[in-house]
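# Analysis of the macromolecular model
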Amino acid sequence: MTSTLPSLDGLVFKMISSTTSTVDPDAPSVFRYFERDGIIWGDYTGDTVTIGRFVGTRNDDVIWVSFVHVLVADGSVVTGDGESTIERTEEGLLRLVEDYEMHGAPQLSVCVEVPAA
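All of these numbers come straight from a predicted model, not from anything done at the bench.

Rules behind the numbers
- Residues numbered from 1 in each chain as written.
- Predicted model: local features only at pLDDT ≥ 70, side-chain atom pairs only at ≥ 80, totals over all residues.
- Heavy atoms only, no water.
- 1 Å grid on protein atoms, 1.4 Å probe; cavity = no way out; pocket = protein on both sides within 12 Å on 5 of 7 lines; lining within 4 Å.
- Points joined across faces, edges and corners; volume = space filled by probe spheres on them.
- Helix = DSSP H or I, 4+ residues; strand = E, 2+ residues; numbered from the N terminus.
- Nonpolar A, V, L, I, M, F, W, Y, C, P; charged D, E, K, R; others polar.
- Phe/Tyr/Trp six-rings, centres within 6.5 Å; stacked < 30°, edge-to-face > 60°.
- Buried < 20%, exposed > 50% of the residue type's maximum accessible area, 1.4 Å probe, protein only.
- Contact = heavy atoms within 4.5 Å.
- Pairing = 2+ DSSP bridges.
- Axes fitted to C-alpha atoms, helices over the stretch in contact; angles between N-to-C directions.

## Describing the layout of surface pockets
Roughly 390 Å³ of volume is contained in the largest pocket. Contributing to the lining of the largest pocket are 27 residues, with Met15, Phe31, Phe67, His69 and Tyr100 lying nearest its centre. Elements with a minimum of two residues in the lining of the largest pocket: strand S1 (12-18), strand S2 (30-36), strand S4 (49-59), strand S5 (62-71), strand S6 (77-88) and strand S7 (94-102). Considering each element in turn, the lining of the largest pocket owes the most residues, five residues, to S6. Across the lining of the largest pocket, the residue classes break down as 12 nonpolar, 10 polar and five charged.

## Notes on the packing of aromatic side chains
A complete count under the given rule lists six aromatic pairs for this structure. Residues Phe13 and Tyr33 carry aromatic rings whose centres are separated by 5.3 Å and whose planes lie at 70° to one another, so their mutual orientation is edge-to-face. Highlighted residues: Phe13 in strand S1 and Tyr33 in strand S2, separated in sequence by 20 residues. Each member of the pair Phe13 and Tyr33 is classed as buried. Centre to centre, the rings of Phe34 and Trp41 are 5.9 Å apart; their planes meet at 20°, and the pair counts as stacked. The structure contains a cluster of three or more aromatic residues connected by ring pairs, namely Phe13, Phe31, Tyr33, Tyr44 and Phe54.

## Things to note about the environment of Ala27
If you trace the backbone, Ala27 turns up in the loop between S1 and S2. The residues touching Ala27, leaving out its near neighbours within four places in the chain, are Gly46 and Asp47.

## Some details on the sheet that holds S7
Pairing is antiparallel around the closed barrel formed by eight strands, whose spatial order is S1-S2-S3-S4-S5-S6-S7-S8. Here the strands of the sheet are splayed against their neighbours by 30° on average, with no regard to which way each runs. Relative to S4, strand S3 (residues 39-46) runs antiparallel, the two being bridged by seven bridges. Each bridged residue has a counterpart across the sheet, and for Ile40 the counterpart in S4 is Gly56.

Right, dumping it as structure tokens:
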């Protein structure tokens, strides 16, 4: 496992775009990441999601996860899996470009690191 970018352990990301829904810029989904020995896991909430969880693996600067979340609108449970490429922004923050499948359809979202306070 060779990575050119730092561990995601303890980092927080916010969603800035999604093909699944319009992202609320005032209350986007927020993701907390943990990483150890090539394993990725975490949780998320906000925007259209009441609560969500994910688990997966990291190989170099690509992560693969399975996820499950509950929708705010109707309480339905959504599951899926996908692959994210980790990139660095011009500002030096990390960005996740997420290609995933949900309800059998391909989706794309982008999340950016929230700087530590």
